[in-house]
Number of protein chains: 2
Amino acid sequence: MTTACQCWRDKLTDKKATYQFEEGNATMRGLLGGKGANLAEMKRLGIPVPDGFTITTEVCNAYYEVGKVMPAGLEDEIREQIAALAKKMDKGFGDAKNPLLVSVRSGAKFSMPGMMDTILNLGLNDETVEGLAALTNDARFAYDAYRRFIMMFSDVVMDLPKSEFEKMLRAKKEAEGVTEDSKLSADALKDVVKQYKAFYKAEKGNEFPQNVYTQLFEAVLAVFRSWMNERAIIYRNREKIDHKLGTAVNVQAMCFGNMGENSGTGVAFSRDYNDGTPGLVGDFLLNAQGEDVVAGIRKVSPIDELKRIMPESYEKLNEIANKLEQHYKEMQDMEFTIQQGRLFMLQTRNGKRTATAAVKIAVDMVEEGLISKEEAVMRVQPEQLDRLLHPFIPEKSKKMAIENNCMLAKGTAASPGAACGRVVFDKNEAVRVAATKEPVIMVRVDTTPEDAAGMLVAKGILTSTGGPSSHAALVARGWGIPCVVGCDALHIDIENKKVTVGDRSFGDGDYLTIDGSTGEVMLGKIPLEDPNDLTPETKTLLGWADEAKKLKVYANADNPRDAKRARNFGAVGIGLCRTEHMFMESERLPIVQEMILIAAEAEQGHRARLAIEKELAEATGNQKAKLEQKLAEHDAKTMPAWNKYHELLGKLLEFQRGDFRGILEAMQGNWVTIRLIDPPLHEFLPKHGKLFEDVVRLKTLKAVDEKAFEAALAEIRKVRGPEVTLESLTALLARVEQMSEANPMLGLRVCRLGIVFPEIVKMQVRGIMEAACDLRKNGVDAKPKVMIPGVGTVEEMRWNRKMVTEVADKVIAETGVPVEYHVGTMVEIPRAALTAGDVATEAEFFSFGTNDLSQTTFGYSRDDAAKTFVPVYLDQHILKADPFQVLDQVGVGRLMKMAVKEGRETRGKDMEIGICGEHGGEPSSVGFCHEIGLTYVSCSPYRVPIARLAAAHAAIKEKRNGQGASVDLR
Amino acid sequence: MTTACQCWRDKLTDKKATYQFEEGNATMRGLLGGKGANLAEMKRLGIPVPDGFTITTEVCNAYYEVGKVMPAGLEDEIREQIAALAKKMDKGFGDAKNPLLVSVRSGAKFSMPGMMDTILNLGLNDETVEGLAALTNDARFAYDAYRRFIMMFSDVVMDLPKSEFEKMLRAKKEAEGVTEDSKLSADALKDVVKQYKAFYKAEKGNEFPQNVYTQLFEAVLAVFRSWMNERAIIYRNREKIDHKLGTAVNVQAMCFGNMGENSGTGVAFSRDYNDGTPGLVGDFLLNAQGEDVVAGIRKVSPIDELKRIMPESYEKLNEIANKLEQHYKEMQDMEFTIQQGRLFMLQTRNGKRTATAAVKIAVDMVEEGLISKEEAVMRVQPEQLDRLLHPFIPEKSKKMAIENNCMLAKGTAASPGAACGRVVFDKNEAVRVAATKEPVIMVRVDTTPEDAAGMLVAKGILTSTGGPSSHAALVARGWGIPCVVGCDALHIDIENKKVTVGDRSFGDGDYLTIDGSTGEVMLGKIPLEDPNDLTPETKTLLGWADEAKKLKVYANADNPRDAKRARNFGAVGIGLCRTEHMFMESERLPIVQEMILIAAEAEQGHRARLAIEKELAEATGNQKAKLEQKLAEHDAKTMPAWNKYHELLGKLLEFQRGDFRGILEAMQGNWVTIRLIDPPLHEFLPKHGKLFEDVVRLKTLKAVDEKAFEAALAEIRKVRGPEVTLESLTALLARVEQMSEANPMLGLRVCRLGIVFPEIVKMQVRGIMEAACDLRKNGVDAKPKVMIPGVGTVEEMRWNRKMVTEVADKVIAETGVPVEYHVGTMVEIPRAALTAGDVATEAEFFSFGTNDLSQTTFGYSRDDAAKTFVPVYLDQHILKADPFQVLDQVGVGRLMKMAVKEGRETRGKDMEIGICGEHGGEPSSVGFCHEIGLTYVSCSPYRVPIARLAAAHAAIKEKRNGQGASVDLR
């Protein structure tokens, strides 16, 4: 079916639907796709490339516009190009004596490896196959090419199951008693062709197409269709590629790597994609066609083998690789075929690489004078650095794994880093389990583009077949997922979800640990460790990044260990030190709990006391005496609780002073932003559920069975302490229930704690300042900032700041050490941003708490959203990304812009404003923070390198766009 | 102590600290206070007023500025004024023979009745009292005046306990065998004076001041001090009066109402303050001084008595009342004294009145040609209308109360409306109990300004003494609190918190019901009813209001009864019809629960089915067959749940269609805005706590005691139904726990429900449209609007609107009845406002849900905030008002302004934008809604009249300011 109207053509550039390779060049990626543009460029550079032409990406879009049918007139233009090609090759398309065979390949603007479909050997039919046999004097070769073509065409164009074709081939091999395809005789292959065609007819109802133009046109349409298949869409979503770009179609004269022992085909990289070492690496298959390499079916040889077997071709290839690198100034990933000793290049593109390689190549290329430092910085994507900080298996874990007999097998190390998780065997299961936050290891015989959705969510990938260029390896490296391939000791039964390794086995849901840097596979949950430092190349690169960036990068760290790690990773301050984690430590928790249970009574009593004192200050005579009496009575009643409260706070002060001392010392010379207590106090109390259960159980038993009651109580005492009774538990339960909240996220927390329980916060401030003054006295440059959480009104800020400065100035006066400190707030609820101009009259700095700010701006609870509606929202494209992972620049971002603008209008354009939500380490969010002019981003220590690089990218992009911050600060 | 510096005087208007009455007029309220300005005005009108002078409010502020001491030079100016006054009166201040006595009274710009202190008879000492006795030839009178002065001065100026003085007087009366003060002999009074002075000396350490200037200066300072006493501050906070206005001090020559049977004193209103009837009403006491009337100590006579006893004085008073009304064009509240047959006016001011009276007086005055309609509208405060809608005791309740012997006693009906609540005896208890949301009835012998804090939170006030002009009555009427006074059948024992009435008694915490319209007092909780209609005067006034206002007023109503009531109250549409209340009705809840428990499974299955169908639509050949097979298998597995789900939804559809039919019919011709389901579904499930307890109990018992287990199960079955088992309860508990959320307010609710559970929402839309189409077919003008709750992204709105219109258009097509409908959204989370321009591309109207919008803008949970930190915040002045009661115009208001501006930029300036949060009926918030240009406010039916009046006030104020909306719509 075709359309009658040719109006689609008017929209084409120059009204041209096709370009011969000679007509194009590398700058035409958008029109010709990456593959087509690079083939043209290679042609231009004089590199041997089989002739051919490209149908442009615009035609693909036209195909969708006209209703997914062949655009009118396109067939004629293709016929003309084929005629020209045939003439060039001195062959005829469909010519029974001297047939022109072509490959038909997709090629989009951005590389989507293995995501789309390719057809080789097109132009073969019952007649031309004989011609090919005669011409090459090799019937085996000709019929092998024909059976390959029939299978590919049936699969890709006609949607017939490939497995059925493979089954027939396998049966034939068994019948013939051979194991390799290449050992099948011409007659056997003829018979396979007959079977293939018969199967085709049975399934489709008509004969396998003999008209070569029908073959070609159907293949072109199939490539267009493949642009919108599920795996291509998933890939583009993952890589954020526009769905409207379309794919080009490359039609190219075939050359054959399967024309005997002086032929072959392979994939080569101009540098090592794994570690970046200069020099050719890659895989090579003798006497084979290209898809055999990529599919990982046959065991490939390293490219070094080629050097031994065909030194001339190797030298030629090496020469071309160098030429291409010099030309593109990028590491190249090339496909080549050697037809009877003659080398043809079939593709070149910028090569995918591991993060380690990306960094090394970028740094090396600067040293080689190929690229600038700035370009090197831009060559590494911030997300990639995450891979450099992958967990690894420390020596002690490995030793333990060996001692416990956990070592299972060793495969090929295909993508570095260690991973541990539950075994899953298919993509749906992977997605399901990953949604429960369980780490997942995907185990397959091999992977195909169909598995993309599952691979995306996996922590690690393990296959029993394939080499370092197999689909699994390529994808895993691209996405930075640890991967082991070709682990042939594994016998994988996908159907029954079981893997046997010698006499051991494991299955669905079992824990497995893999090491993608060594290829080791271990049974069970082996403890992993996070790295503590960066490689020298990474340090070099990040040094250049630091030169380029404007944003400072701080870290979120709650203890000296994390603070030190953050410094190693390049943090120049602490943007968020949470104090509540310190309360949770086991030796402190009982004190904290006791303190909390008495806090309300003590603070209320104290507030009442202050009220009486105030009256007393203004009273005279008789009234004064009465009030003095009242105060004495009040004190008699309330002082015991107040004293107990302060006794407990005093104990906590000891701990906190030590905490702050450690972290201030670790970061000496840099600001440490300490946030005062933030979560609802009931978070520190025993959980209601278990407590309620204990009480109900005890009460129930007490009424019917004294002995059972005593036994149950004894049990509970083991957990809750020897002194608990039913009465004490009942009382505790009552307090826990009294303090519980319907929506704790919006309850008595953040700065509201400081107002309702000022003594707790005063204790914290005293801890900070005593630590800082003492350090300073000892020559350590302690630089504390006090951050008030969750301020929503300037009055809250005023109240809290007054309290903080009173305590701090008192400590300074007591110690006689003048430590500089600042008091600011987190902007983490909308009202803080909406009134930032006012809040800034009292706050010296702002730090965006975008976790909470996103919660209240969207009205989503982070805990609840992920398990209820966010997956549906992402699935239905209502949200483009989880707003707790990627900053919502439109809504939350607008509030941030308002706060930046109005805060600085009040306090001056140098007012320090940062971000300490988890978005502070997410590259696109860091870019936004640069654009709106923040002073710093603060993120977890492991994301500091990412943030440094992302900040540099943002600054360089801005420079290259030749403009200032592109965000309108309305 | 005085200050040396006179610089304070430079700040005074004309550098004058004092004004003789002759120098002032009514426009000088700010400077002279209300009382001083009106005394001057009366003087100007030729009305008999004792001479005197006023110390200005500016001097009060100077007193606070110079450090709460006598400003330098003020004493001299006062001495000069006193000299002038003495000359006018032909007396001498401190003159032993012919002493000038004065009153010293406070008088602020705005009337604060009883809130501040007054001293009478100043100028008496041991010498002048004798002169007064000689002059009047009445030693009894002179010594009575002296003992009153000592008591007042000691109490007000010197802070000695008044009760001690009363105790001495009472003892004397007992000793003399008399019951009334006026029956005490001169000698007895002399003795009382001696005792008073002795007590004074014992307490204060020095003699009672004999120097009359010392008396005067101390009194002036006491008045200044009283401006900042606790009760004055509370009153000003309540009435939103600026604390910086200060009070004036009026020093006036005394005239005496206690000079025998041809003397007296009283309070008169120019119209009835209770119901607005024209003509003098008031109270009168023969042979008494003014404070006796206000204090409610002696039983007063109605003003009509005066007509009988002293017809000339009555006529004169009536004449003056008319003159003042004509002059001020307002109902007057006047104080007068008759000294030996001669009438003096001591004060006039605009009279406080009940809401009923306010409305009637305003309407009458328009008819009398005194004021314009617009002025009448402005004369009634919107909050006052709330009083007109006070609950009442319906006949059946009254009958029931009588039958059950609940009638206790009858007092004076002092402030209309019925109230029911728990008895409290003091202000602190009142505040404490009211904070728990329990209604409170405050019971006192009488009330004093000290009780203000308690009266403010009470639902009703009951006293055993006092008349309709007593403090309790005045305050209750002013604040619209139902009140019964003078109920002398009650014997109140404040100390023991017990009340005895004949042989019955009640106490602290017992329920009591009072009817302030009849004076009836009933024991127990008598069912009250809310009124269904407005009085004719109110309708007239609100008709005028409607002419003036620009905002439309809609109502929030969930059922036909409320809708009808709202129409009666003037609502011209429903702005919020909540659909979830309908789910809670007892016959429906089991169906709803069953539906919810199956919903997730059914919807997930359906989503999976849609995914397969989508693939299938694009598949061909073999692939198609496979997908068809997959679909069949999927259906076999998932259809039972899907069918059950739809069976239950079908039952709910029947109910919902009826619900919507009723409400659309009740509001025919007006828009009914129906909000789709809003709360988290788990709110409809059994509560976790009790369920968990039942399960734990049963499990515990099952393990130890089979019999006890059976008994417990039987018990539980009585509540949960006969079919429940431990297993079924355990399963139910698991589902309830699975569906529970950490922060339900931010969880799976609002429009997110429609996306995750579309079938529920589709059922609702079908119900709405089937009802509307059917009504329209029957000639009823049903006008439905569908409101999507909680939209935060335009994508959510798009998704939901598409779903709604698909169902709605389908119903229209099915029925063939073209009903017009609109689809809009609630703007109730910050992101909706921040992206309003986008959201408006899909939303036809906006309605601000300011309850939720305030929650997320502040980050406060409404449920948790009130019981935890909001009281502390109000106490510490961190919040001026609870943002859930009074709209936060700064923060939340800014979001609203953004949404109005940007929504209308997208959809045109006529885009309908309203508010349906509870702020929609709060007058200051309504004013804000007018200013920012909303189309309508929607509130509960009872607040509709208030909103209509508030909207008119806003429009008139805007007109009077001669400008457009004063809010900057940045």
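Refer to the structure printed above.
Residues numbered from 1 in each chain as written. Chains lettered and ligands numbered in written order. Predicted model: local features only at pLDDT ≥ 70, side-chain atom pairs only at ≥ 80, totals over all residues. Heavy atoms only, no water.

**Re the overall build of chain A**
Thinking step 1. Each helix and strand counted, chain A has 38 helices and 29 strands in total.
Thinking step 2. If you line up chain A on its principal axes, its C-alpha atoms span 125 × 75 × 55 Å.
Thinking step 3. Of all intrachain contacts in chain A linking residues separated by at least 6 positions in sequence, the fraction that spans at least 24 positions is 70%.
Thinking step 4. Surface summary for chain A: the accessible area is close to 38200 Å², and the carbon and sulfur share equals 50%.
Thinking step 5. A distance of 2 Å separates the average location of the 127 positive side-chain charges in chain A from that of its 139 negative side-chain charges. (Helix = DSSP H or I, 4+ residues; strand = E, 2+ residues; numbered from the N terminus. Contact = heavy atoms within 4.5 Å. Areas by Shrake-Rupley, 256 points an atom, 1.4 Å probe, with all protein chains shown as cover. Lys, Arg positive; Asp, Glu negative; His and termini not counted. Charge placed at Lys NZ, Arg CZ, Asp CG, Glu CD.)

**Observations concerning the pattern of salt bridges**
Thinking step 1. Inspection of the entire model under this criterion finds 134 salt bridges over all chains.
Thinking step 2. Across the salt bridge formed by Glu429 of chain A and Arg432 of chain A, the nearest N and O atoms sit 3.2 Å from each other. Highlighted residues: Glu429 of chain A and Arg432 of chain A, both in helix H17 (residues 427–435), separated by 3 residues, approximately one helical turn.
Thinking step 3. A relative accessible area of 17% places Glu429 of chain A in the buried class.
Thinking step 4. Here Glu806 of chain B and Lys802 of chain B are joined by a salt bridge, their closest N and O atoms 3.4 Å apart. Within this pair, Glu806 of chain B and its partner Lys802 of chain B are both found in helix H30 (residues 794–815), separated by 4 residues, close to a single helical turn. (Salt bridge = Lys/Arg side-chain N within 4 Å of Asp/Glu carboxyl O. Buried < 20%, exposed > 50% of the residue type's maximum accessible area, 1.4 Å probe, protein only.)

**Considerations on the relation of the copies chain B and chain A**
Mapping between the two copies of the chain is achieved by a rotation about an axis and a shift along the axis.
Thinking step 1. Rotating chain B by 179° and moving it 0.1 Å along the rotation axis overlays it on chain A with an RMSD of 0.3 Å. Each copy turns onto its partner about a two-fold axis.
Thinking step 2. Mapped onto chain A, 100% of the interface residues of chain B again fall at the interface, so both copies present the same surface. (Least-squares fit on C-alpha atoms with pLDDT ≥ 70 in both.)

**Some details on a nonpolar patch on the surface**
Thinking step 1. A surface patch of nonpolar side chains, amounting to about 190 Å² of accessible area, comprises Val431, Leu456 and Val457 of chain A.
Thinking step 2. Relative to the helices and strands, Leu456 of chain A resides in helix H18 (residues 452–457). (Patch = residues over 30% accessible without salt bridge, like charges linked within 9 Å, V, L, I, M, F, W, Y side chains within 5 Å.)

**Notes on the interface of chain B and chain A**
Thinking step 1. With 66 residues of chain B at the interface, the matching set in chain A holds 66 residues.
Thinking step 2. For the pair chain B and chain A, the number of links is 4 salt bridges.
Thinking step 3. Across the salt bridge formed by Arg894 of chain B and Glu902 of chain A, the nearest N and O atoms sit 2.6 Å from each other.
Thinking step 4. Here chain B is connected to chain A by 22 residue pairs in polar contact (both at pLDDT 80 or more). (Polar contact = N/O pair within 3.5 Å; in protein donor to acceptor, adjacent residues only side chain to side chain.)

**Quick look at the sheet that holds strand S1 (residues 18–20) of chain A**
Think of a sheet as strands paired side by side through backbone hydrogen bonds, with each pair either parallel or antiparallel.
All names here are of chain A.
Thinking step 1. Read from one edge to the other, the open sheet built from 5 strands follows the order S1-S2-S5-S3-S4, with strand pairing classed as antiparallel. On the outer flanks of this sheet lie S1 and strand S4 (118–122), each paired with one strand and no other. Recorded for the sheet is a direction-independent mean angle of 20° between the axes of neighbouring strands.
Thinking step 2. Of the strand pairs in this sheet, S1 and strand S2 (residues 52–55) are connected by 3 bridges, and their pairing is antiparallel. Bridge pairing links Thr18 to Ile55 in S2.
Thinking step 3. Lying over the sheet, helix H1 (residues 29–44) contacts S1, S2, strand S3 (102–108) and strand S5 (247–253), oriented at roughly 125° with respect to S3.
Thinking step 4. In this fold helix H8 (residues 212–226) packs onto S2, S3, S4 and S5, with an angle of close to 145° to the strand it touches most, S5. (Pairing = 2+ DSSP bridges. Axes fitted to C-alpha atoms, helices over the stretch in contact; angles between N-to-C directions.)

**Re the side chain of Asn287 of chain B**
Thinking step 1. Relative to the helices and strands, Asn287 of chain B resides in the loop between strand S7 (278–286) and helix H10 (291–295).
Thinking step 2. A polar contact of 3.0 Å, which involves the side chain of Asn287 of chain B, links it to the backbone nitrogen of Gly260 of chain B.

**Quick look at the nonpolar core**
Thinking step 1. Counting residues in each nonpolar core, the largest one holds 326 residues, and the members touching the most others are Met896 of chain A together with Met896 of chain B.
Thinking step 2. Once residues lying within four places of it in the same chain are set aside, the contact partners of Met896 of chain B are Phe848, Thr850, Leu853, Leu887, Ile915, Phe928, Cys929, Ile932 and Leu934 of chain B.
Thinking step 3. Among the nonpolar cores identified, the runner-up in size contains 97 residues, and Ile55, Leu101, Val249 and Met254 of chain A belong to it. (Core = buried A, V, L, I, M, F, W, Y, C linked by side-chain atoms within 4.5 Å.)

**Here's the deal with the packing of aromatic side chains**
Thinking step 1. Evaluation of the coordinates by the stated rule reveals 43 aromatic pairs over all chains.
Thinking step 2. Aromatic side chains Phe692 of chain A and Phe692 of chain B sit 5.6 Å apart centroid to centroid with 25° between the ring planes, which places their arrangement in the stacked category. On the criterion of chain membership, the pair formed by Phe692 of chain A in helix H25 (residues 688–704) and Phe692 of chain B in helix H25 (residues 688–704) is interchain, its members lying in two chains.
Thinking step 3. Residue classification places Phe692 of chain B among the buried residues on the basis of a relative accessible area of 10%. (Phe/Tyr/Trp six-rings, centres within 6.5 Å; stacked < 30°, edge-to-face > 60°.)

**As for the sheet that holds strand S12 (residues 412–415) of chain B**
Residue and element names in this part refer to chain B.
Thinking step 1. With respect to topology, 8 strands assemble into an open sheet ordered S11-S21-S20-S13-S14-S15-S16-S12, the strand pairing being mixed. Only two strands of the sheet have a single partner each, and these edge strands are strand S11 (407–410) and S12. With direction set aside, neighbouring strand axes in the sheet form an average angle of 30°.
Thinking step 2. Relative to strand S21 (residues 520–523), S11 is paired through 3 bridges, and the arrangement is antiparallel. Counted as the bridge partner of Met407 is Met522 from S21.
Thinking step 3. The sheet contacts of helix H16 (residues 395–403) involve S11, strand S20 (511–515) and S21, and relative to S11 the element is tilted by about 105°.
Thinking step 4. Contacts from helix H17 (residues 427–435) reach strand S13 (418–424) and strand S14 (440–444) within the one sheet, and its direction differs from that of S14 by about 175°.

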